[in-house]
Each structure stands twice: as C-alpha cells, then as structure tokens.
Amino acid sequence: MSSGAGEHRLHSKLEEALEIKSLRRIISAYLNYSDAAEEDVKRYERSYKQLPPAHKAILSHIPFKFQRLRRSISVNSFFIMSMLQAFEPPLDMSQDIDIREKEDRDDVCNDHLSGERNFSYGLIPTTSGKTPETDQLYCGEGINMRCKSPENRTSDEGVPVVSKSVSMENTTGLNNAGRNDAMDINCEAGLCSVSDSNGNVCSVQQDWLDPSLQLQVPLADVDKVRCIIRNIVRDWAPEGQWERDQCYKPILEELDHLFPSRSKDRPPCCLVPGAGLGRLALEISCLGFISQGNEFSYYMMICSNFILNQTVFQTHATELSCFYSTEAVGEWTIYPWIHSNCNSLSDNDQLCPVSFPDIHPASVGITEGFSMCGGDFVEVYSDPSQEGAWDTIVTCFFIDTAHNIVEYIETISRLLVDGGAWINLGPLLYHFADAFGTEDEMSIELSLEDVKKVAFQYGFQLEREKFIETTYTANPRSMMQNRYSAAFWTMTKIQKPSKDSPQPT
C-alpha cells in the first residue's frame, strides 16, 4: 500500500471516529435531558425552602407545581426515549474510539445556538467511511443517502422520507403513550425500557445506548434538546400554526404564483436548505413540487426522521411486541414551555401540553420524490451534477447560519437553473457572530444591503421584496415576544455569474 493511500485511510478512520464521537455526544445530550431538568426542579425547591414560613404559607401551591413539572419532564423524556429507540445510527456506534487529545477538535459537535431562535447547526464532519462516495451524513432508513440532482433521480435511487406503504399499528395499552401522567425510563446494559403510569413496558435492545458509551456533555448541549422540543411545536403542532402562517404561508403562496401550471409528469424541483424538522419541505411537496430538504444538525435529523417516517419499532425481548408510530394525528404529547419560569401568565400556561403531529405526514398528498438529505449545504451540493439542477431554492431562517454568507449565495446561484427563483425569508442574526472562545471562527456578517449586492454579483435580479413580522419557536402565551422584521424576497437568476465576479476564497 502506498504511503498516500495509507494516509487517506488513516484520515478516513479519524473522520469516522470524530463523527461517531459527535453523534454519541448528541445522543448523550438527549439522554441527559431528564437529569438536567430534574436538577432545575431541585434548584427551584431549594429556593422555596429558603422562604420564611409566612411566605411559604402564601405560596403553598408551589410544591404541587413541582410535582406537575416532574410529571411533564417524564412525558417529554418518554417521547425522547421512544425517538432514540427508533433511530438507526448511520455508523457503528459500538466501535472503540481512540482519538489523541490533539486530534480531538472542540468543533466536532459545536451546534451553535444563537439568540432567541435557538437554531442548532452542528459542525459535524461530513465525510464518513460508511459512505465514501458521498461527503454527507444521512439519518436512518428513510433518509436519502445520496443527494442526487433531480434530473438523475430514478424510482429506485434513494429512499423517500415518507413511505405510504408502511403499515402502522398501535398496541393496546400504548395508545397516546405520551399523554400518561408519569413515565419511567431506564437504561441498563444497553437495554432501554420505557414504562408508563399503568405499568406498560416496551424494551428495545440498542447497543449504542449502553451507558458505558455515553459522554458527559455540557448543559449547553441539553439546551439544544429543549430547542428541538420547541421546534416540534413550530413545525408539527396546532399551536405552531400561527408561526407557520407567518413564515411558511408567504413562501408557499409565492411558489404557487411563480409556478402556476405545475406538471404532474415533470414537477418543478425545489431545494430547501436548513429544513429543520421538515415541515416546510413537506408542505412544498404537497404543493406539487419535487421537494428535497437539507439539514446539517443531527439533533434535527434524529427528530425529523422519527416524525416523517412513521417509525415502527418492535421487540420480542419479553415476548411482547411494541409498536411506535407517528401515524395518528396528535399521538404524541410534550410540554415545551416547562423549562422557564419567567414571563408566564399562569402556571397552567407554563405547564400546558402540546400534542403532535397535527397532520399524518404520509397521508397529506406528497409529490413523488420528496426527500431529506443530511450534511453541510455547501459540501453536499458541491457535485457538478447539481449545477443548474433546481428550478427554485427556498431559504427560511437559513442564510445567517453561514460562516461565509457569500459562499451560500454563490452555491445557491450555481444550483439554480437560469431563470430559476430564490425565495428567502429570515433575519440576519449571524450564528457565529458571538462564537466566544473560538478566535479563528470565520463569521462574515453583512448588512441586508450588502447581501443583496452580493446576490446581484452572482446573477440575481430582485423581483419582489418586503418585510414580515414574525417570531421563532415563541410561546404564544408568554409575556415576552421577541419579534423579527424578517426580509422576504424573490430573486431570479437571470444569467450565469460573469468571470469578473468576485470569487470567495
């Protein structure tokens, strides 16, 4: 074996090891959710105990609130464990990982949360020994492993995220399991069990959930799990409809306006980078487009894969078959607002349950070809086959997630067919603007005026522009509402960039 080949193999092994460690850290964050939330409740209790007796008497109902908080945490934990049990890691999670300290880069899993939006985007290595032909991540059985250009897609290439052929059943005693008053979750020697207040238990052997493989994670990682819980409301609950109407509805109406005569035989192709939990990409598919969502965060992909794929999950470990699915509307329940005592109108508002999904993803009339693709936007779509492959690209709360926004715009221009449309909605809350402790972290932070100037350099023409007031994963019953004046525009790619256009380095 040549030295060059040996170095390449060593590099691939290192990248795979880093990716496994990254994914373990994210899974550990999910698993640590319950303990971290319990520590918060204990802190509340310690503060309450410090009150004088007269003050405790006035607030005698507070201990009962602590009990309700614990029940709510158990319900959230039940959903999280069910989701993790259904997850099929793309890598062998049981591998022994031996990475020298100098190679253990801090940015392996630096999912940056910025401001009130709490978008989590992971800096996860996107080259894996599992899929050497595609520099990307993929998540579970239902995710396309290859992000092919639409023209090259055939019926047997890739797997659509939603499959109408999956048969779903609910086992007696497990219906609406997320709504039980109390859940017990235990992981021991890799056998994870979930039990509800009625004593129903469903266990699934998952070697990669073995406690010996879990990592200690900072509380900031657990905060990203709480962010995912709020994103579920935004994308998949009736309570998120008002936010979806503010953000997704204008985009869907613009797509309908731009493509009024969509052919069922050859639907237009739409790419949605930063797809999050997948609702916007799904809605675009239902509108009659071949829609592909792209997402970089494993936190997001694990959850969206569960919601979109009607996961059926079965074990015979105890002679009992347990089925989990997201087939039923409102099957799952979470308590998204329990993690903050601030700005609540009442305890009931803070402890309000939210049921999801509000629709059954497989029965809403998706267009054939709908898919989700994991990995970094620029890297995943760098293949020459992607050039000019998309009729339209939709970015919603996405472009400010870039280290280099110029590179994002350049990539969007390259992917669009001449005459194709770029629809954007969102603020410019640059995610890496306040990346403390990372002096060399690139963050190009342009004004809206400069963003448009860059777009013009890459062959775009502004067709329509306005500002839309909106929130992001906001609690509608909170006394504090952070609102964005989001830029909404449609640009048309009128020509290929000239050779004189500035090229990002």
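Every value quoted in this text rests on a predicted model; they were computed, and no experiment measured them.

Reading the values: the criteria
Residues numbered from 1 in each chain as written. Predicted model: local features only at pLDDT ≥ 70, side-chain atom pairs only at ≥ 80, totals over all residues. Heavy atoms only, no water. Helix = DSSP H or I, 4+ residues; strand = E, 2+ residues; numbered from the N terminus. Buried < 20%, exposed > 50% of the residue type's maximum accessible area, 1.4 Å probe, protein only. Contact = heavy atoms within 4.5 Å. Areas by Shrake-Rupley, 256 points an atom, 1.4 Å probe, with all protein chains shown as cover. Axes fitted to C-alpha atoms, helices over the stretch in contact; angles between N-to-C directions. Left-handed = near helix turned anticlockwise from the far one by under 90°. Nonpolar A, V, L, I, M, F, W, Y, C, P; charged D, E, K, R; others polar. Polar contact = N/O pair within 3.5 Å; in protein donor to acceptor, adjacent residues only side chain to side chain. pLDDT = per-residue confidence, 0-100. Expected span 1.5 Å × (residues − 1). Parallel < 35°, antiparallel > 145°, perpendicular 65-115°, else oblique. Salt bridge = Lys/Arg side-chain N within 4 Å of Asp/Glu carboxyl O. Disulfide = S-S within 2.5 Å. Pairing = 2+ DSSP bridges.

**Examining the overall build of the chain**
Summing up its helical and strand segments, the chain has 12 helices and 12 strands in all. Evaluated residue by residue, the chain yields a buried proportion of 54% over its 505 residues. Across the chain, contacts joining residues at least 24 apart in sequence account for 75% of those joining residues at least 6 apart. In the form shown here, the chain has an accessible surface area of approximately 22,300 Å², with 48% of it arising from carbon and sulfur atoms.

**A short note on the packing of helix α5 (residues 219-236) against helix α8 (residues 298-308)**
The N-to-C vectors of α5 and α8 enclose an angle of 35°; their axes lie 10 Å apart at closest approach. For the crossing formed where α5 meets α8, the hand is right-handed. Counted together, Asp221, Lys224, Val225, Ile228, Asn231, Ile232 and Trp236 of α5 and Tyr299, Met300, Cys303, Ile307 and Leu308 of α8 form the full contact between these two elements. The residue inventory of the contact of α5 with α8, partitioned by class, reads nine nonpolar, one polar and two charged.

**Side note on the environment of Asp349**
Among the structural elements, Asp349 can be located in helix α9 (residues 347-350). Overall, Asp349 belongs to the buried group, its relative accessible area being 15%. As for Asp349 and Ser478, which are separated by 129 residues in sequence, their C-alpha atoms are 8.1 Å apart. Beyond its immediate stretch of four places on either side in the chain, Asp349 contacts Trp337 and Arg477. Of the polar contacts made by the side chain of Asp349, one reaches the side chain of Arg477; its length is 3.2 Å.

**Focus: the environment of Gln292**
Counting through the fold element by element, Gln292 comes out in strand β5 (residues 290-295). The buried category is assigned to Gln292, whose relative accessible area is 0%. In the structure, Gln292 is positioned 21 residues away from Leu271 in sequence and 5.1 Å away in space, judged by C-alpha atoms. A polar atom in the side chain of Gln292 sits 2.7 Å from the side chain of Tyr381.

**Some words on the confidence of the model for the chain**
Summing up the model confidence of the chain, the mean pLDDT is 78 and the portion of residues at 70 or higher is 69%. pLDDT under 50 marks residues 152-192. Its contacts with residues more than four places away, or in other chains, come to 120 contacts. For residues 311-326, every residue scores under 50 in pLDDT, and the model assigns this stretch 56 contacts once sequence neighbours within four places are set aside.

**Focus on unusual backbone geometry**
Trans peptide bonds make up the majority, and among non-glycine residues the majority have a negative phi. Residue Pro357 follows Phe356 across a cis peptide bond; omega there is -5°. Relative to the elements of secondary structure, Pro357 occurs in the loop between β7 (354-356) and β8 (371-374).

**Focus on helix α4 (residues 62-86)**
Taking 1.5 Å per residue, 25 residues should reach 36 Å; α4 reaches 37 Å between its end C-alpha atoms and fits that length. In terms of burial, α4 is largely enclosed, as 19 of its 25 residues are buried.

**Regarding the packing of α4 against α8**
As a packed pair, α4 and α8 sit with axes 9 Å apart at the nearest point and diverge in direction by 85°. Judged by the inter-axis angle, α4 sits roughly perpendicular to α8. Residues Phe79, Ser82, Met83, Leu84 and Ala86 of α4 form the contact with α8, whose participating residues are Ile302, Cys303 and Phe306. Among the residues forming the contact of α4 with α8, the class breakdown is seven nonpolar, one polar and no charged.

**Here's the deal with the pattern of salt bridges**
Inspection of every chain in the model, using the stated rule, returns 19 salt bridges. Ionic pairing is found between Asp221 and Lys224, a salt bridge with its closest N-O pair at 3.5 Å. Here Asp221 pairs with Lys224, and both are found in helix α5, just three residues apart, close to one helical turn. A residue is classified by how much of its surface remains accessible, and Asp221, at 1% relative accessible area, is buried. In this structure Lys224 comes out as buried when scored by relative accessible area, which is 5%. Ionic pairing is found between Arg234 and Glu243, a salt bridge with its closest N-O pair at 2.8 Å. Like Glu243, Arg234 is buried.

**Some thoughts on the state of the cysteines**
Here is the idea: a disulfide is a covalent bond, and it sits between the sulfur atoms of two cysteines. All told, the structure shown has zero disulfides when counted by the stated rule. Lacking any disulfide linkage, Cys270 is separated from the closest cysteine sulfur, that of Cys269, by 9.0 Å. The class for Cys270 is buried, based on a relative accessible area of 0%.

**Thoughts on the sheet that holds strand β11 (residues 460-470)**
Pairing is mixed in the open sheet, where seven strands are placed in the order β8-β5-β4-β9-β10-β12-β11. Of all the strands in the sheet, just β8 and β11 have a single pairing partner and so form its edges. The average angle at which neighbouring strand axes cross in this sheet is 15°, direction not considered. Sheet analysis places β11 next to strand β12 (residues 484-493), joined by 10 bridges and oriented antiparallel. Bridging from a neighbouring strand, Phe460 pairs with Lys493 of β12. Here helix α11 (residues 405-415) sits on the sheet in contact with β4 (269-273), β9 (390-396), β10 (416-426), β11 and β12, set at roughly 140° to β10.

**Some thoughts on α11**
Within α11, eight of the 11 residues are buried, which leaves it mostly tucked inside the rest of the structure. Those residues of α11 that fall on the buried side of the exposure criterion are Ile405, Val406, Tyr408, Ile409, Thr411, Ile412, Ser413 and Leu415. Between the side-chain oxygen at the start of α11 and the backbone nitrogen of Val406 there is a gap of 3.1 Å, and the oxygen is on Asn404.

**Things to note about the pairing of β4**
Most of β4 is tucked away: five of the five residues are buried. Taking every second residue as pointing to the same face, both faces of β4 are buried, with Cys269, Leu271 and Pro273 on one and Cys270 and Val272 on the other. The sheet contact formed by β4 and β5 spans five bridges and is parallel. Bridging from a neighbouring strand, Cys269 pairs with Ile290 of β5. Here two bridges tie β4 to β9, and the two strands are oriented parallel to one another. For Cys270, the partnering residue across the bridge sits in β9 and is Thr392.

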